[in-house]
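Architecture at a glance
Listed below are the residues making up each chain.
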Amino acid sequence: MCHTFNISEILIGFILGMATSIPEFITFIESQKYYSQKDNLLGLIEASNNLVVSNTLNLYVIGTISIVIFQILE
């Protein structure tokens, strides 16, 4: 895609990173509104933990798999 559209690899990576995080971010914001209205601290902590774990797994698991695939194809 970078060579076809003559766009920087960093820009493509940034756009893809933002696009994959948008669903988790929206879920996090909605859960914060819901749990803060009910004064349910446990739900608030659970929603925050889900966001952190999801993004961390995306960073390490997806990143590792893509590096391995890149090394195999190179």
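The structure we're discussing is the one just above.
Notes on the structure follow. Since the model is a prediction, treat every value here as computed from it, not as a measurement.

Points about the overall build of the protein
Across its full length, the protein holds three helices and zero strands. Counting from the amino terminus, helix and strand elements in the protein follow one another as α-α-α. When the 74 residues of the protein are sorted by exposure, 9% land in the buried category.

Some points on a nonpolar patch on the surface
There is a patch of nonpolar side chains on the surface, built from Val53, Leu57, Leu59, Tyr60, Val61, Ile62, Ile65, Val68, Ile69, Ile72 and Leu73 and spanning about 1,100 Å² of accessible area. Assignment of secondary structure puts isoleucine 62 in helix H3 (residues 41-73).

Remarks on the environment of asparagine 55
Mapped onto the secondary structure, asparagine 55 falls in helix H3. Sequence-wise, asparagine 55 and serine 21 are 34 residues apart; in three dimensions their C-alpha atoms are separated by 7.3 Å. Sequence-distant contacts of asparagine 55, defined by excluding residues within four places in its chain, comprise Ser21 and Glu24.

The rules behind the values
- Residues numbered from 1 in each chain as written.
- Predicted model: local features only at pLDDT ≥ 70, side-chain atom pairs only at ≥ 80, totals over all residues.
- Heavy atoms only, no water.
- Helix = DSSP H or I, 4+ residues; strand = E, 2+ residues; numbered from the N terminus.
- Buried < 20%, exposed > 50% of the residue type's maximum accessible area, 1.4 Å probe, protein only.
- Patch = residues over 30% accessible without salt bridge, like charges linked within 9 Å, V, L, I, M, F, W, Y side chains within 5 Å.
- Areas by Shrake-Rupley, 256 points an atom, 1.4 Å probe, with all protein chains shown as cover.
- Salt bridge = Lys/Arg side-chain N within 4 Å of Asp/Glu carboxyl O.
- Contact = heavy atoms within 4.5 Å.

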